[in-house]
Amino acid sequence: GAVVSQHPSWVICKSGTSVKIECRSLDFQATTMFWYRQFPKQSLMLMATSNEGSKATYEQGVEKDKFLINHASLTLSTLTVTSAHPEDSSFYICSARGAGGLDSPLHFGNGTRLTVT
Amino acid sequence: SQKIEQNSEALNIQEGKTATLTCNYTNYSPAYLQWYRQDPGRGPVFLLLIRENEKEKRKERLKVTFDTTLKQSLFHITASQPADSATYLCARSNSGYSTLTFGKGTMLLVSP
């Protein structure tokens, strides 16, 4: 089945530094990947849609200059949290749609727990 | 706005019973609903998809219904097991081109 690998699984950083999170589709090509953020006991909130070879599409209220997305290949998308602050501490999850068409389910990575101190 | 509402209270049931989780949506019917399982500290795992024109879908011990009159989907796990304990997320999509909107999820606890 389609596997999405996310790295790192957790990271602790100091306020003001930047953190990069990688999302890879291991056995399929993903022209589109999605980045979500999830706060405790809350739903997954879509942050942005990452498109291979073009600019990401950000959801309303998400700062594109703070959350940099790069989708340079069909199997890799990265999310960089720049100048991180404690309020950016959250669970970040990437996903990609499988090969079954536009209504096929999403395959999720196992998430990255970011803690900003 | 289009919302997905799931019962925020945890559902506690005994092993062997049928668990029923509810997902309500607002506004017009989505093209389809999806159900995912999420374990603590992990990403969601896809379980079932049901389209607007389908009333019921089954997969092994799982069953999903879609009632456009009630604007509701029910998710059933028959012969529940402690290993079924997890948070179950409902998500809606208006078309294949649109993104998924997730509910907050309902935690299921199956006791032996």
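Before reading further, recall that the structure is shown in the block above.
In this report, the structure presented in the accompanying data block is examined. As a convention, each chain's residues are numbered from 1 in the sequence order in which they are written. Throughout, the order in which chains and ligands are written sets their labels, letters from A for the former and numbers from 1 for the latter. Owing to the predicted nature of the model, reporting of local features is limited to residues with pLDDT of at least 70; listing and counting of side-chain atom pairs is limited to 80 or more, with chain, interface and lining totals taken over all residues. For the side-chain quantities, the full set of heavy atoms in the structure was used; hydrogens and water were omitted.

**Things to note about the pattern of salt bridges**
Residues and elements named next belong to chain B. Threshold: For this document, the term salt bridge refers to a Lys or Arg side-chain nitrogen within 4 Å of an Asp or Glu carboxyl oxygen. Exposure classes here rest on a 1.4 Å probe applied to the protein chains alone. A residue is buried below 20% of its type maximum, exposed above 50%, and partly exposed in between. Here a strand is any run of E in DSSP of at least two residues, a helix any run of H or I of at least four, and the numbering for each starts at the N terminus.
Taken as a whole and assessed by the stated rule, the structure comprises six salt bridges over all chains. As a salt-bridge pair, R37 and D39 come within 3.1 Å of each other at their nearest N and O atoms. With a relative accessible area of 19%, R37 lands in the buried category. Overall, the relative accessible area of 28% leaves D39 in the partly exposed class. Put simply, R61 and D84 hold a salt bridge, and the shortest N to O gap is 3.0 Å. Taken together, the residues span a long stretch of sequence, with R61 in the loop between β6 (56-59) and β7 (62-67) and D84 in the loop between β8 (72-77) and β9 (86-93) at a distance of 23 residues. Overall, the relative accessible area of 27% leaves R61 in the partly exposed class. For D84, a relative accessible area of 7% translates into the label buried.

**As for the nonpolar core**
Soluble globular proteins: nonpolar side chains tend toward being buried together. Residues and elements named next belong to chain A. Put simply, the test is: Joining through side-chain atoms within 4.5 Å is the link that ties buried Ala, Val, Leu, Ile, Met, Phe, Trp, Tyr and Cys residues into a set, and such a set is a nonpolar core. In this analysis, two residues are considered to be in contact whenever any of their non-hydrogen atoms come within 4.5 Å of each other.
In terms of nonpolar packing, the biggest core is built from 24 residues, with W35, F67, L79, Y92 and L114 touching the most fellow members. Elements that contribute at least two residues to this core include exactly β2 (10-13), β3 (19-25), β4 (32-38), β5 (45-51), β7 (67-73), β8 (76-81), β9 (90-97) and β11 (112-116). Discounting residues that sit within four places of it in the chain, L79 has contacts with V19, K20, I21, W35, F67, L68, I69 and Y92.

**Some words on the state of the cysteines**
Covalent bonding between the sulfur atoms of two cysteines is what defines a disulfide. All names here are of chain B. Cut-off, in case you're wondering: Any cysteine sulfur atom paired with another within 2.5 Å is treated as part of a disulfide.
A full pass over the atoms with the stated rule returns two disulfides over all chains. Note on cysteine connectivity: C23 is disulfide-linked to C90, with sulfurs 2.0 Å apart. Negative torsions about the S-S bond denote left-handed disulfides, and the value of about -70° found for C23 with C90 makes this one left-handed. Of this pair, C23 sits in strand β3 (residues 19-25) while C90 is found in strand β9, placing the two residues 67 residues apart along the sequence. Relative accessible area serves as the criterion here: at 0%, C90 is assigned to the buried category.

**Some words on the sheet that holds strand β1 (residues 4-6) of chain B**
Residue and element names in this part refer to chain B. Just so we agree on the cut-off: Strand pairing follows a simple DSSP-based rule, namely that at least 2 bridges must link the two strands. Fitted lines through C-alpha atoms give the axes, limited to the stretch in contact for helices. The angle between two N-to-C directions lies from 0 to 180 degrees.
Taken together, the five strands give an open sheet; going across it, the order is β1-β3-β8-β7-β6, and neighbouring strands pair in antiparallel fashion. Strands at the two margins of the open sheet, each flanked by one partner only, are β1 and β6. The sheet shows a mean angle of 20° between the axes of neighbouring strands, direction not considered. Pairing between β1 and β3: three bridges, direction antiparallel. The residue of β3 that forms the bridge with Q6 is C23.

**Regarding the sheet that holds β8(A)**
All names here are of chain A. Reading across the sheet, the four strands line up as β1-β3-β8-β7 and stay open at both edges, with antiparallel pairing between neighbours. Looking along the sheet, the strands with just one partner apiece sit at the ends: β1 (4-7) and β7. Strand-to-strand twist across the sheet, computed as the mean angle between neighbouring axes with direction ignored, equals 15°. Where β3 meets β8, six bridges bridge the pair, whose relative direction is antiparallel. From the neighbouring strand, I21 faces β8, where its bridge partner is L79.

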